[in-house]
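Residue-level listing of the chains:
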Amino acid sequence: MLEELCVIVKKAGDIILSADMSKTRLEQKSSPGDFVTAFDIAVQEMLREELKRLLPEARFIGEESSREEIDTKGYCFIVDPIDGTANFAWDYRHSAVSIALAYNEKIIMGLVYNPYLDELFYAEAGKGAFLNGNRIWVSKRRLKDGLVCFGSSPYDKTKAEATFSLAGFLYKKALDVRRSGSAALDLCYIASGRCDLFYEMSLSPWDYAAASLIVTEADGVITNMRGERLQFREKSSVLAGGRNAYHDFWRVYGEFRYRRTGDD
Ligand code: IPD
Ligand code: CA
Ligand code: CA
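Residues numbered from 1 in each chain as written. Chains lettered and ligands numbered in written order. Predicted model: local features only at pLDDT ≥ 70, side-chain atom pairs only at ≥ 80, totals over all residues. Heavy atoms only, no water.

Peer 1: Mind showing me how you'd approach the site of ligand 1 here?
Peer 2: The immediate surroundings of ligand 1 are formed by 16 residues, with Asp-83, Gly-84, Thr-85, Tyr-155 and Glu-200 found nearest. Thr-85 places a main-chain nitrogen or oxygen 2.8 Å from an oxygen atom of ligand 1. Arg-179 is positioned such that a nitrogen or oxygen atom in its side chain is 2.8 Å from an oxygen atom of ligand 1. When ligand 1 is considered free in solution it has 380 Å² of accessible area, and contact with the protein chains removes 96% of it. Those elements that place two or more of their residues in the shell around ligand 1 are strand E4 (75-83) and strand E12 (197-203). (Near = heavy atom within 4 Å. Polar contact = N/O pair within 3.5 Å; in protein donor to acceptor, adjacent residues only side chain to side chain. Areas by Shrake-Rupley, 256 points an atom, 1.4 Å probe, with all protein chains shown as cover. Helix = DSSP H or I, 4+ residues; strand = E, 2+ residues; numbered from the N terminus.)

Okay, structure coming up:
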């Protein structure tokens with residue numbers, strides 16, 4: 001199954017690489033900056049067909065068709081055809097295809113493929129996390145020596161003040177901060193030790209489902225920003241890191257909240 005999924009996710013990547021954006025219109029979805037292109041739809045439809053052929057009993061949840069709360073009982077694919085659509089449309093060349101297979105509310109396989117670098121991150125529950133066939137691990141860095149990547153929850157700008165004030169606070173407590181435009185790749189960068197801590201205050205299950213397994217199989221920690229297990233049913237905040245950076249985050253976050261509101 002994993003081998004077949006690797007072939008399918010790379011086929012999706014080929015569609016992204018061959019896209020000619022000059023012939024495509026950007027359509028706005030929920031808010032300014034939330035786009036869909038013909039290629040998001042084309043990748044999703046190809047994946048829907050191929051995954052149905054591979055595992056007919058699995059349900060299919062794809063970003064470009066799902067609006068309702070997700071039910072992950074039985075087998076269920078959770079798919080983001082292009083994570084980093086704005087990057088894709090601007091030819092920023094940092095986007096990914098994300099496929100998770102869930103069984104009874106747990107992610108059992110996850111694949112995130114960046115076609116621009118031909119980098120395939122994947123994991124199967126209990127079997128470790130890999131990048132192009134090589135085992136990967138989260139970093140052991142402390143937060144003070146680490147890079148923090150964060151997402152700006154661009155489709156919910158009510159989170160902007162909290163997001164950026166936390167980024168400013170962490171910028172002073174860590175080495176530096178990054179904002180890449182693909183949450184799935186941010187999480188894979190945590191899994192491979194390229195970055196040490198990630199947070200975003202609002203993400204959808206298809207943004208983080210596949211990569212969450214890649215993080216935990218790389219010995220990292222991923223929860224929501226209250227420290228609770230991710231549910232994959234609805235929008236959620238996400239916090240991930242190597243164990244040391246994740247642990248350090250809670251002390252710094254306590255200090256941050258105390259300074260902002262006076263409570264701890
Ligand atoms: C978005 C990207 C972005 C994150 C947003 C996501 P999309 O996904 O992952 O990095 O900040 O919250 O919605 O819309 O490009 O698939
Ligand atoms: Ca996404
Ligand atoms: Ca998307």
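Picking up after the structure, the text goes on.
Peer 1: Looking at this model, I keep getting lost on the coordination of the calcium ion (ligand 2). Mind explaining?
Peer 2: Six octahedrally arranged donors around a metal ideally form angles of 90 or 180 degrees; four tetrahedrally arranged donors ideally form angles of 109.5 degrees. The calcium ion (ligand 2) binds to the protein through Asp-80 (OD), Asp-83 (OD) and Asp-207 (OD), with metal-donor distances spanning 2.1 to 2.2 Å. Between consecutive donor residues of the calcium ion (ligand 2), the sequence gaps follow D-x2-D-x123-D. Assessed through its relative accessible area of 1%, Asp-80 is described here as buried. (Donors = N, O, S within 2.8 Å, 3.2 Å for Na, K, Ca; no water. Buried < 20%, exposed > 50% of the residue type's maximum accessible area, 1.4 Å probe, protein only.)

Peer 1: Could you clarify how one ought to interpret the coordination of the calcium ion (ligand 3) in this entry?
Peer 2: Distances from the calcium ion (ligand 3) to its protein donors, Glu-63 (OE), Asp-80 (OD) and Ile-82 (O), fall at 2.2 to 2.3 Å. Counting along the primary sequence, the residues that act as donors to the calcium ion (ligand 3) give the motif E-x16-D-x1-I. A gap of 3.7 Å separates the calcium ion (ligand 3) and the calcium ion (ligand 2), which Asp-80 links by coordinating each metal. Taken together, the residues span a long stretch of sequence, with Glu-63 in the loop between strand E3 (59-62) and E4 and Asp-80 in strand E4 at a distance of 17 residues.

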